[in-house]
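For reference, the chains in residue letters:
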Amino acid sequence: MFNIVLVNPQIPPNTGNIGRICVNTSSTLHLVKPLGFSIEEKDVKRAGLDYWERLDLVVWESLDEFLQSVDPSRFHLATTKSKRPYFEASYRPGDYLIFGSETSGLPTELLQKYQERTITIPMSEEGRSLNLAVSVGIVLYEAIRQNFEEFG
């Protein structure tokens with residue numbers, strides 16, 4: 001239904017949990033190298049439980065390879081550096097919900113190039129960034145809410 005893109009993910013359990021979300025929502029998980037772990041590690045499989053084998057997974061060798069292969073008009077780039085709340089974006093099935101690494105987020109150049117495609121999850125000033133899997137779930141389920149009739 002949707003495409004979840006993780007650019008340089010670093011924490012195996014996050015990726016495993018996101019894989020589980022993808023299976024449960026009929027979404028494709030795209031991993032953009034370099035990865036901070038091997039996707040064969042038991043931690044990823046444990047976090048994904050029995051879902052990992054049913055995951056629709058695409059692995060990209062680099063961000064450039066990914067960017068040259070997909071339509072940027074279908075991007076939604078999640079970042080703390082945007083003022084546009086995720087719930088103000090319009091999502092269509094097949095869109096790419098793009099998230100950066102847990103440690104550094106998305107590259108600044110990418111955010112600048114596609115600034116009009118950036119979204120954020122509002123948070124209080126006292127808080128810190130949310131866990132990556134939680135962030136994916138929040139944005140993905142808003143996209144599904146907007147397209148619920150097609151989800152069924």
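As a reminder, the structure under discussion sits directly above these lines.
Description of the structure in this document. This is a predicted model, so every value here is computed, not measured.

This next bit is on the layout of surface pockets. Approximately 520 Å³ is the volume attributed to the largest pocket. What lines the largest pocket is a set of 26 residues, among which Thr80, Ser101, Gly105, Ser129 and Leu130 lie closest to the centre. With three residues, the single largest contributor to the lining of the largest pocket is helix α5 (residues 132–146). In the lining of the largest pocket, the residues fall into eleven nonpolar, twelve polar and three charged. Considered as a void within the structure, the second largest pocket measures approximately 150 Å³ in volume. Lining the second largest pocket, in full, are Thr79, Lys81, Ser82, Lys83, Thr108, Leu111, Gln112, Gln115 and Thr118. Top element by residues in the lining of the second largest pocket is helix α4 (residues 108–113). It accounts for three residues.

This next bit is on a nonpolar patch on the surface. A cluster of nonpolar residues, Met123, Leu130 and Val134, forms a patch on the protein surface that exposes about 230 Å² of accessible area. Following the sequence through the fold, Val134 ends up in helix α5. By relative accessible area, Val134 is classed as partly exposed at 43%.

Reading across from one edge, β3-β2-β1-β5-β4-β6 is the order of the six strands in this open sheet, with parallel pairing throughout. Strand pairing shows two members of the sheet lacking a second neighbour, β3 (56–60) and β6 (118–119), which therefore form its edges. Sheet topology places strand β4 (residues 75–78) next to β6; two bridges connect them, and they run parallel. Bridging from a neighbouring strand, Leu77 pairs with Thr118 of β6. Along the sheet face, helix α1 (residues 12–24) touches β1 (3–7) and β2 (28–32) and points at about 150° away from the line of β2. Lying on the sheet, α5 is in contact with β1, β5 (96–99) and β6; it crosses β5 at an angle near 160°.

The rules we used
Counting from 1, residues in each chain are numbered in the order their sequence is written. Local features are withheld for residues below a pLDDT of 70 in this predicted model, meaning they are given only at 70 or higher, and side-chain atom pairs are given and counted only at 80 or more; totals for whole chains, interfaces and linings count all residues. Only hydrogens and water are removed before side-chain values are computed, so all heavy atoms of the structure are retained for them. Think of a 1 Å grid over the protein atoms and nothing else: a 1.4 Å probe that fits but is trapped marks a cavity, an open set flanked by protein within 12 Å on at least five of seven lines marks a pocket, and residues with an atom within 4 Å of a point count as lining. Grid points are joined across faces, edges and corners, and a volume is the space filled by probe spheres set on the points. Here a strand is any run of E in DSSP of at least two residues, a helix any run of H or I of at least four, and the numbering for each starts at the N terminus. Basically, the charged four are Asp, Glu, Lys and Arg, the nonpolar ten are Ala, Val, Leu, Ile, Met, Phe, Trp, Tyr, Cys and Pro, and anything else, Gly included, counts as polar. A patch is a set of surface residues, each over 30% in relative accessible area and not in a salt bridge, joined within 9 Å for like charges and within 5 Å for the nonpolar side chains Val, Leu, Ile, Met, Phe, Trp and Tyr. Calculation of accessible area relied on Shrake-Rupley with a 1.4 Å probe; when residues are assessed, cover is drawn exclusively from the protein chains displayed. Definition used for salt bridges: Asp or Glu carboxyl oxygen within 4 Å of a side-chain nitrogen of Lys or Arg. With a 1.4 Å probe rolled over the protein chains alone, any residue whose accessible area is under 20% of its type maximum counts as buried; one over 50% counts as exposed, and the rest are partly exposed. Strand pairing is assigned whenever DSSP detects at least two bridges linking the two strands. Residue contacts follow a heavy-atom distance rule, with two residues in contact if any of their heavy atoms lie within 4.5 Å. All axes are obtained by fitting lines to C-alpha atoms, using only the stretch in contact for helices, and the reported angles, taken between N-to-C directions, cover 0 to 180 degrees.

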